[in-house]
Amino acid sequence: MPWWCRGHVPKVGECAAGPPPSGGHGHTSLAQGEAVSRVNPVLARALATTPLLRLDVAHRGRVRRLGLKLEAQGPTGSVKDRSAVGLLRSLHDERPLTPGTVVVESTSGNLGLALARLLPAIGCEFLAVVDLKTPHATRRGLTDSGARVIVVDEPDGLGGYLLSRLRQVRELCADNPGYRWPDQYENWAAPEIHRRTTGPELTGQAGQDLGTVYVPVSTGGTLAGIAAHLREHRPDVAAVAVDVRGSLAVSGSAGRRLVPGIGASRPSAFLRAPHSYDRAVHVDDIEAIAVCRILAEDIGLALGGSSGCAVRAMLGDRAKSGDDRLSVCLAADGGSKYRDTLYSDDWAAEQGVAKEITSAVRRLRSEGLFFDRKHQEH
């Protein structure tokens, strides 16, 4: 059936949306036509190349080479800039995004910021459905960009708020037939944009010595796209799914999750096929936060929590392997929006994990963990 539906509450992957615009006449139709014609150029200009930062990492008596794909240097500071372009292009191709259209999406933050940047440029409005774990800095960024924000405060019973957010989106779509839902969780336009952009950029910057790519998973779209590129062009490179304990995104059981932007309360729709990735690594979120703090101390670079998860996964994975080729971690976003949470001792105390984080930092340091910056490739 088409991606929109009428007269019923949509299932996951569908959205309620009204019939295509009637087309009008005269000046209004002309103005809308001009606005619609701007959509593809706006989206084409929205993509930006991000750099690969090379590091040496000392850990447990060995020095390994690590590349960080710094998606924080994209337009709104995350890998979701790319996802937003792919999703909006998909909506526009299905039925033109006309001025005044309301786009609604469930987001933990980063995709919301990307959509909030792009939609006003094409005359559309954005309604972001977030939750209590969404950083206050992100919520401010959304409202400052003109987005309307709905904060879901009902846990979904599986360690997060995702299912509650999705229920809210479906209710909004059912009550407002003109709303458009990109559905980052099941729309294959998201993996496709990463297959065409993120994957080729990463492999081109890393070169022939690339051995493994670690990608944090939430919706799974980024990993699915990068892995598809690797299968076609670099089958010698392993694609590793990085999930956090307490998440169901890849496998495992539901539980407490502290780090936003990674993990989910249900399996990823994009990673169900056996060849979606080569292997999965689940990391402890306390240790991921500790890695973030150590990186900031060693090289002055603050990364988001999902990036810390990817680096922690690499450290444990490489300790079991004799492969000395370059490992690349997708650093999905930066740490600026997490200053009041992941990097805050007060927040850690409020969460009851301050001693755990301190202990994890000490343990990793006792294992010789140290990061040394080399150079950056654009």
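Residues numbered from 1 in each chain as written. Predicted model: local features only at pLDDT ≥ 70, side-chain atom pairs only at ≥ 80, totals over all residues. Heavy atoms only, no water.

## Overview of empty space enclosed by the protein
Stated formally: Cavities and pockets are found on a 1 Å grid laid over the protein atoms alone: a cavity is a set of points where a 1.4 Å probe fits but cannot escape, a pocket is an open set with protein on both sides within 12 Å along at least five of seven lines, and a lining residue has an atom within 4 Å of such a point. Grid points are joined across faces, edges and corners, and a volume is the space filled by probe spheres set on the points. A run of H or I in DSSP becomes a helix once it reaches four residues, and a run of E becomes a strand once it reaches two; helices and strands are each numbered from the N terminus. Under the scheme applied here, ten amino acids are nonpolar (Ala, Val, Leu, Ile, Met, Phe, Trp, Tyr, Cys and Pro), four are charged (Asp, Glu, Lys and Arg), and all others, including Gly, are polar.
Enumeration according to the criterion identifies four cavities of 30 Å³ or more in this entry. Its boundaries defined by the atoms lining it, the largest cavity holds a volume of some 330 Å³. Along its surface, the largest cavity is lined by 28 residues, and Ser 108, Leu 162, Arg 165, Ser 218 and Gly 263 are the ones closest to its centre. Listing elements by their share of the lining of the largest cavity, those giving two or more residues are α4 (110-118) and α6 (162-175). When its residues are assigned to classes, the lining of the largest cavity shows 10 nonpolar, 12 polar and six charged. Roughly 170 Å³ of internal volume is contained in the second largest cavity. Contributing to the lining of the second largest cavity are 17 residues, with Val 79, Lys 80, Ser 218, Gly 261 and Ala 332 lying nearest its centre. When the residues that make up the lining of the second largest cavity are grouped by side-chain class, the tally is six nonpolar, nine polar and two charged.

## Considerations on unusual backbone geometry
Within the chain, Arg 60 stands out as a residue other than glycine whose phi angle is a positive 55°. Inspection of the secondary structure puts Arg 60 in the loop between β3 (52-59) and β4 (62-70).

## Considerations on the nonpolar core
Defined as follows: What is meant by a nonpolar core is a set of buried Ala, Val, Leu, Ile, Met, Phe, Trp, Tyr and Cys residues, joined one to another through side-chain atoms within 4.5 Å. Remark: exposure states derive from per-residue accessible area (1.4 Å probe, protein chains only) relative to the maximum for the residue type, with buried under 20%, exposed over 50%, and partly exposed in between. Contacts are residue-level and defined by heavy atoms, with any inter-residue pair within 4.5 Å sufficient.
Membership of the largest hydrophobic core comes to 44 residues, with the highest contact counts inside it found for Leu 66, Leu 68, Val 311 and Phe 371. Counting residues per element, this core draws most heavily on helix α9 (residues 285-299), at eight residues. Not counting the four nearest positions on each side in its chain, Val 311 is found in contact with Leu 66, Leu 68, Val 291, Leu 295, Cys 329 and Phe 371. Counting residues in each nonpolar core, the second largest holds 38 residues, with Val 129, Leu 162, Leu 230 and Leu 326 among its members.

## Some words on the sheet that holds β4
Counted only if it meets this: The criterion for strand pairing is that DSSP finds at least two bridges linking the strands in question. Every angle, taken between N-to-C directions, lies between 0 and 180 degrees, and every axis is a line fitted to C-alpha atoms, over only the stretch in contact when it is a helix.
Overall, mixed pairing links the seven strands, which are arranged β10-β9-β8-β11-β4-β3-β12 in an open sheet. Where the open sheet ends on each side, the last strands, each with one partner, are β10 (279-283) and β12 (370-377). Here the strands of the sheet are splayed against their neighbours by 25° on average, with no regard to which way each runs. The pairing of strand β8 (residues 210-216) with strand β11 (residues 326-331) spans four bridges and is parallel. In the sheet register, Leu 210 faces β11, and the bridge partner there is Leu 326.

## Points about the pattern of salt bridges
Put simply, the rule reads: The rule for a salt bridge is simple: a side-chain nitrogen of Lys or Arg has to be within 4 Å of a carboxyl oxygen of Asp or Glu.
Counted by the stated rule, this structure contains 26 salt bridges. A salt bridge links Arg 82 to Glu 71, with the nearest nitrogen and oxygen atoms 2.8 Å apart. Of this pair, Arg 82 sits in helix α3 (residues 80-94) while Glu 71 sits in the loop between β4 and α3, and the two are 11 residues apart along the sequence. The class of Glu 71 is buried, set by a relative accessible area of 2%. Note that Arg 195 and Glu 232 form a salt bridge whose closest N and O atoms lie 3.8 Å from each other. Of this pair, Arg 195 sits in helix α7 (residues 189-206) while Glu 232 sits in helix α8 (residues 221-233), and the two are 37 residues apart along the sequence. Here the salt bridges share partners, and the residues they tie into one network are Arg 234, Asp 236, Arg 318, Asp 323 and Arg 325.

## Some thoughts on helix α10 (residues 305-319)
Each α-helix turn comprises 3.6 residues. Residues three or four places apart therefore point the same way. Definition in use: Between the first and last residue of a helix there are one fewer steps than residues, each counted as 1.5 Å, and that sum is the expected span.
Counted at 1.5 Å a residue, the expected span for α10 with its 15 residues is 21 Å, and the 21 Å between its end C-alpha atoms agrees. With 13 of 15 residues buried, α10 lies mostly within the body of the structure.

## Some thoughts on the sheet that holds strand β7 (residues 148-152)
Here three strands make up an open sheet; going across it, the order is β5-β6-β7 and the pairing parallel. Every other strand in the sheet has two partners, leaving β5 (102-106) and β7 as the edge strands with one partner each. Strand-to-strand, the axes of this sheet are offset by a mean angle of 20°, without reference to chain direction. Pairing of β5 with strand β6 (residues 125-131) involves five bridges; the strand directions are parallel.

## A look at the packing of aromatic side chains
The test is simple: Only Phe, Tyr and Trp rings take part, Trp by its six-membered ring, and two of them pair if their centres are within 6.5 Å. Stacked means planes under 30 degrees apart, edge-to-face means over 60, and tilted covers everything else.
The final tally for this structure, using the stated rule, is one aromatic pair. Here the aromatic rings of Trp 188 and Phe 270 are separated by 4.9 Å at their centres, their planes lie at 85°, and the arrangement is edge-to-face. Here Trp 188 is found in the loop between α6 and α7, whereas its partner Phe 270 is found in the loop between β9 (238-244) and β10, with 82 residues between them in sequence. Judged by its relative accessible area of 2%, Phe 270 is buried.

## Focus on α8
Here α8 spans 18 Å end to end across 13 residues, near enough to the 18 Å set by a 1.5 Å rise per residue. Listed as buried for α8 are Gly 221, Thr 222, Leu 223, Ala 224, Gly 225, Ile 226, Ala 227, Ala 228, His 229 and Leu 230. Where α8 is buried, its residues contact α7, β8, β9 and β11.

## Quick notes on the side chain of Arg 257
Definition in use: Neither His nor the chain termini are counted; the positive set is Lys and Arg, and the negative set is Asp and Glu. Polar contact criterion, stated in full: a pair of N or O atoms within 3.5 Å, where within protein one must be able to donate a hydrogen and the other to accept it, and residues adjacent in sequence count only if both atoms are side-chain atoms.
Mapped onto the elements of the fold, Arg 257 is located in the loop between β9 and β10. One buried charged residue, Arg 257, forms no salt bridge at all, with the nearest opposite charge on Asp 156 at 5.6 Å. In this structure the side chain of Arg 257 is engaged in a polar contact, spanning 2.9 Å, whose partner is the backbone oxygen of Gly 246. Among the polar contacts listed, one links the side chain of Arg 257 to the side chain of Ser 265, at a separation of 3.4 Å.

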